[in-house]
There are 2 protein chains.
Amino acid sequence: MTTSPDATRPAVLTDPVGTVVPSSVPTHWYNLAADLPEPCPPALHPGTREPLTPDDLAPLFPMALIAQEVSTERWVEIPQTVREMYALWRPSPLVRALRLERALGTPAKIYYKYEGVSPAGSHKPNTAVAQAYYNAVEGITRLTTETGAGQWGASLSMACALLGLDCEVWQVRASYDAKPYRRMQMETYGATCHASPSDLTEAGRAMLAADPTTTGSLGMAISEAVESAAKDPAAHYALGSVLNHVLLHQSVIGVEALAQLDEIGETADVVFGCAGGGSNLGGLSFPFLGRNLREGTTTRVVACEPAACPSMTRGEYRYDFGDVAGLTPLLKMHTLGKDFVPPAIHAGGLRYHGMAPMVSHAYELGLMEAIAVEQDAAFAAGVEFARAEGLIPAPESTHAVAGALAHARAATTDETIVIGLSGNGVLDLPAYQDYVAG
Amino acid sequence: MTTSPDATRPAVLTDPVGTVVPSSVPTHWYNLAADLPEPCPPALHPGTREPLTPDDLAPLFPMALIAQEVSTERWVEIPQTVREMYALWRPSPLVRALRLERALGTPAKIYYKYEGVSPAGSHKPNTAVAQAYYNAVEGITRLTTETGAGQWGASLSMACALLGLDCEVWQVRASYDAKPYRRMQMETYGATCHASPSDLTEAGRAMLAADPTTTGSLGMAISEAVESAAKDPAAHYALGSVLNHVLLHQSVIGVEALAQLDEIGETADVVFGCAGGGSNLGGLSFPFLGRNLREGTTTRVVACEPAACPSMTRGEYRYDFGDVAGLTPLLKMHTLGKDFVPPAIHAGGLRYHGMAPMVSHAYELGLMEAIAVEQDAAFAAGVEFARAEGLIPAPESTHAVAGALAHARAATTDETIVIGLSGNGVLDLPAYQDYVAG
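Residues numbered from 1 in each chain as written. Chains lettered and ligands numbered in written order. Predicted model: local features only at pLDDT ≥ 70, side-chain atom pairs only at ≥ 80, totals over all residues. Heavy atoms only, no water.

Counting across every chain of the model gives 15 aromatic pairs over all chains. Between Tyr30 of chain B and Trp75 of chain B, the aromatic rings sit 5.1 Å apart at their centres with planes inclined by 55°, giving tilted as the arrangement. One end of the pair, Tyr30 of chain B, is in strand β1 (residues 28-30); the other, Trp75 of chain B, is in strand β2 (residues 75-77), with 45 residues separating them in the sequence. On the basis of relative accessibility, which here comes to 2%, the residue Tyr30 of chain B falls in the buried class. Here Phe379 of chain B and Tyr432 of chain B contribute two aromatic rings whose centre-to-centre distance is 5.1 Å and whose plane-to-plane angle is 85°, an arrangement assigned as edge-to-face. Placement of Phe379 of chain B in helix α15 (residues 375-389) and of Tyr432 of chain B in helix α17 (residues 429-436) is noted, with a sequence separation of 53 residues between them. Residue Phe379 of chain B shares its accessibility class with Tyr432 of chain B, and that shared class is buried. The lysine or arginine in question, Arg183 of chain A, covers the ring of Tyr176 of chain A, its NZ or CZ lying 5.2 Å from the ring centre. (Phe/Tyr/Trp six-rings, centres within 6.5 Å; stacked < 30°, edge-to-face > 60°. Helix = DSSP H or I, 4+ residues; strand = E, 2+ residues; numbered from the N terminus. Buried < 20%, exposed > 50% of the residue type's maximum accessible area, 1.4 Å probe, protein only. Lys NZ or Arg CZ within 6 Å of the ring centre and 35° of its normal.)

Residue and element names in this part refer to chain A. In the numbering used here, UniProt assigns the "modified residue: N6-(pyridoxal phosphate)lysine" (unreviewed entry) feature to Lys124. Examined against the element boundaries, Lys124 turns out to sit in the loop between β4 (109-114) and α5 (125-137). Note on Lys124: relative accessible area 15%, which makes it buried. Excluding residues within four positions of it along the chain, Lys124 makes contact with Gln151, Trp152, Ser155, Gly240, Ser241, Gln250 and Ser279. (UniProt positions renumbered as here; feature names shortened; annotations may be inferred. Contact = heavy atoms within 4.5 Å.)

With that out of the way, let us pick up the domain arrangement of chain A. All names here are of chain A. In terms of domains, chain A is made up of domain 1 (90-122 + 250-436) and domain 2 (125-237). Each of domain 1 and domain 2 was reduced to a C-alpha centroid, and the two centroids are 26 Å apart. For the pair domain 1 and domain 2, the summed buried area comes to about 1200 Å², and 53% of that belongs to carbon and sulfur atoms. Along the contact surface separating domain 1 from domain 2 lie 0 salt bridges. One can count 4 residue pairs in polar contact (both at pLDDT 80 or more) joining domain 1 with domain 2. Counted by class, the side of domain 1 that touches domain 2 contains 6 nonpolar, 3 polar and 4 charged residues. (Domains from an automatic or database assignment. Buried area = accessible area lost by both parts, 1.4 Å probe. Salt bridge = Lys/Arg side-chain N within 4 Å of Asp/Glu carboxyl O. Polar contact = N/O pair within 3.5 Å; in protein donor to acceptor, adjacent residues only side chain to side chain. Nonpolar A, V, L, I, M, F, W, Y, C, P; charged D, E, K, R; others polar.)

This structure, assessed with the given rule, holds 44 salt bridges over all chains. Across the pair Arg96 of chain A and Glu101 of chain A runs a salt bridge whose closest N-O atoms are separated by 2.6 Å. Judged by relative accessible area, Arg96 of chain A falls into the partly exposed class, the value being 24%. When the shortest N-O distance is used, the salt bridge between Glu227 of chain B and Lys231 of chain B registers 3.1 Å. For Lys231 of chain B, a relative accessible area of 55% translates into the label exposed. Salt bridges sharing common partners tie together Glu84 of chain A together with Arg99, Arg102 and Glu389 of chain B.

Let us look at the UniProt feature "domain: Tryptophan synthase beta chain-like PALP" (unreviewed entry) in chain A. Mapped onto the present numbering, the UniProt feature "domain: Tryptophan synthase beta chain-like PALP" (unreviewed entry) falls at residues 89-423 of chain A. The distance from the first to the last C-alpha atom of residues 89-423 of chain A is 13 Å, and the span holds 44% helix and 19% strand.

This paragraph deals with α15 of chain B. Residues and elements named next belong to chain B. Across its 15 residues, α15 extends 21 Å between first and last C-alpha, which sits within 8% of the 21 Å expected from 1.5 Å per residue. Ala378, Phe379, Ala381, Gly382, Val383, Phe385, Ala386, Ala388 and Glu389 are the residues of α15 that are buried. After α15 finishes, the residue Gly390 shows a positive phi value of roughly 90°. (Expected span 1.5 Å × (residues − 1).)

On to the pairing of strand β6 (residues 166-172) of chain A. Residue and element names in this part refer to chain A. With 6 of 7 residues buried, β6 lies mostly within the body of the structure. Here 6 bridges tie strand β5 (residues 142-147) to β6, and the two strands are oriented parallel to one another. Across the sheet, residue Thr144 finds its bridge partner in β6, namely Glu168. In this fold, β5 hands off to helix α6 (residues 151-163), which returns the chain to β6; that crossover is right-handed. (Pairing = 2+ DSSP bridges. Right-handed = clockwise from strand over helix to strand, strands pointing away.)

All names here are of chain A. One open sheet accounts for 6 strands, arranged β3-β4-β14-β9-β10-β13; its pairing is mixed. Two strands close off the open sheet at either side, each with one partner strand: β3 (94-96) and β13 (369-373). With direction set aside, neighbouring strand axes in the sheet form an average angle of 25°. Inspection of the sheet shows strand β10 (residues 300-306) paired to β13 by 5 bridges, in the parallel sense. Across the sheet, residue Pro306 finds its bridge partner in β13, namely Val373. Taken strand by strand, helix α11 (residues 244-263) contacts β3, β4 and β14 (416-421), and its axis lies near 140° from that of β4. Contacting β9 (270-274), β10 and β14, helix α12 (residues 279-295) runs over the sheet at an angle of about 160° to β9. (Axes fitted to C-alpha atoms, helices over the stretch in contact; angles between N-to-C directions.)

Another aspect to go through is the sheet that holds strand β9 (residues 270-274) of chain B. All names here are of chain B. Across the sheet, which stays open at both edges, the 6 strands sit in the order β3-β4-β14-β9-β10-β13 with mixed pairing between neighbours. One side of each edge strand has no neighbouring strand; the edge strands of this open sheet are β3 (94-96) and β13 (369-373). Sheet twist, expressed as the average angle between the axes of neighbouring strands with direction ignored, equals 25°. Of the pairings in the sheet, the one linking strand β4 (residues 109-114) to strand β14 (residues 416-421) comprises 6 bridges and is parallel in character. Across the sheet, the residue bridging to Lys109 is Thr416, located in β14. Together, β9, β10 (300-306) and β14 form the strand contacts of helix α12 (residues 279-295), whose direction differs from that of β9 by roughly 160°.

Here we come to unusual backbone geometry. The omega torsion of the bond from Arg90 of chain A to Pro91 of chain A falls at -5°, within 30 degrees of zero and hence cis. Mapped onto the secondary structure, Pro91 of chain A falls in the loop between α3 (80-86) and β3. The peptide bond linking Ser196 of chain B to Pro197 of chain B adopts the cis configuration, its omega dihedral lying at 5°. The phi angle at Arg49 of chain A is positive, at roughly 60°, despite the residue not being glycine. Inspection of the secondary structure assignment puts Arg49 of chain A in the loop between β1 (28-30) and α1 (54-57). Of note in this structure, Val242 of chain B is not a glycine but carries a positive phi near 70°. Looking at the secondary structure, you find Val242 of chain B in the loop between β8 (235-237) and α11 (244-263).

Our next topic: the environment of Pro62 of chain A. All names here are of chain A. Relative to the assigned elements, Pro62 resides in the loop between α1 and α2 (63-70). Spatially, the C-alpha atoms of Pro62 and Gln131 are 8.7 Å apart, while their sequence positions differ by 69 residues. Excluding residues that lie within four positions of it along the chain, Pro62 makes contacts with Tyr134, Asn135, Glu138 and His236.

On to helix α16 (residues 397-410) of chain A. For the α-helix, the turn length of 3.6 residues means that residues three or four positions removed from each other point alike. Residue and element names in this part refer to chain A. Between its first and last C-alpha, α16 extends 21 Å over 14 residues, near the 20 Å set by a 1.5 Å rise per residue. Counting buried positions along α16 gives 11 out of 14 residues, so the element sits mostly inside the fold. Turning to α16, its buried residues number three or more, namely Ser397, Thr398, His399, Ala400, Val401, Ala402, Gly403, Ala404, Leu405, His407 and Ala408.

Next comes the structure, spelled out in structure tokens:
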């Protein structure tokens, strides 16, 4: 114990001390479409198989988001109201994993970009607040959506509370019954959460008539949320991943990470992100890919997907529907087929048959790599990370951790590794318990 | 939508962008004992009623912590290893609550200092990592402690994982059975968690013999953890609040908050903190009180305690035991009496019959104020905060929010209010559910 050189003040350095200054939140989202060597294939109308028009989407989305969906602008200004909401948890920390490096005995430098500081505990609010904002500006007063385990539903509920919108969420009944915390979170924010299928929609009533004991599915919940929004001129529908505008909003993750690395004079050699629908992966990695394309940097991007749902490493690259019923537009993507039913792995956020078209296109162009990670290897990495760094990663995030740890163990130089930690695992502790208990 | 002025780079400003730079974590803790106009009354030996000596405490605590317990040094250097662990979540954000200000229609400026970004979701890791560090340095290989709902047990489990110590936690059986998430968190970190009373200690066996169906108590769990540590030369015991060294470590909250306010040219007019055992309140407010005493600033500090357990506003200021059995040293504090049984309010962290001696002394000297908050008013404030700011505060923290909101509603000037948000309520959602459902 020594006293500070200045006996009346502690030696708190004047370098960054947190998120107190809202102006440190990025001012623009980054759009990879501006830098791609060839454009992303368009979404097609499910009936005509012609490229979608803005009018096709107008019943469900506000014009600002429809414009973002097809924009090729490189930098899209973030509205000041959205930046103020981002400042509640952004910029998210970029942390040097010193203890993990020592535990691994690696010469590599490992950083992680941590989205679990958001009020909902994941990256989902980055797009939720933006979508709620654009809907509110265009006079919409109610948003509908579907949710599985509930991360997206809770994030949209929070966003609607901040913007004064009503929010109605159809949650797959199996999760609604088995995992009540996320529903409680939605209701604390003032949202309404229905178990799906419900008797509130034609689609739901038809499914209940066919099987009164069904525990529901994400595809069914989508149908209910879309039907409810389509029937109400004051309501719109919101989607938490896959679409271009969602990835655009999530680019705030990678824009910040690049700025934070620049600030300390670091360049990322390789970035690991978990891959489900693609919004966290795209949001984290596209700003790095854009710099590669514009400035000739050579940052590698590795998508880490679950071996149980390997759309990138095992799927086909073709047009497919986003939902089981075949009601959505056709998207050119890596897909296991819309009827593929992934096993009930704990990383619920990665259980999607397809991959975001923009991520699929970047992968097809060779701009990023992909690996598949077994669930046990993912949890082993998650526990190793938690015991070294304190944070318990979300089951989704453990896939990126597993990819990064294997890479770091083999490293022979002081290369710089960045892990995208998309969320924390506080509400997924039973999954860890299953793993720790063997 | 507009493009950035520089067409190749987004306008990310170069001001603070997060916790990437470990040197932004404070270098020193602050010790109010150095600035008090009269010294805090000493702890007394329960047998002799003479002031405690270091030897009395040596079986349970490392010498470094015993020295901190009686130190009058103003600035105590934070060991570099502890600073590296702090950098995992520190500096914690200080956020301007713009939306809340607008919702209240107040001219006051409201900031909150948010400790819920820590891996355990509360301020408790600030002292857990420091205590684990000093024990590890002195060759201790196992720490024991008690926990109620589990916030402290999870925090110490995390700290022990980071330092390579074994950790053994006795958790009150009622919580062990009813709230399994915190136990899962402890086990994910590699700790061992026993339901208390257990058959592993003499104290536990005696209690089980007297009542085989008992659901336990914090006092009983303390006895088991202390007994286990006292019998093992390689083990020590750790406490999560009340003691001077705990408040010293928690001063990192207030040191950061002061530096963050200085950074943006703000001075706090009034600080609201929730008061249970006193570690969050003391950690947040003592650096402000110290500046008042040294520099003549006039920041008010308001302790917000639960009306159901009002040690400051309704208790006596006298020597009392820290535990029910009367085994601990006698502490001069505001107390409701060691046999006082608080009702089962949701803010489990505030259910303690006494108040930290240092906080009690500061209150007695008139350096801070105190108010009592009813549980319904606290949750109402918590919900209002969540819907305006996104974050769902821990039930403990809602008491500080309630105090601040009442103050802000009555404000007539642009005074600056700081709220100590000691943690998030993610694992307390059932308590919110009870409130929201009426």
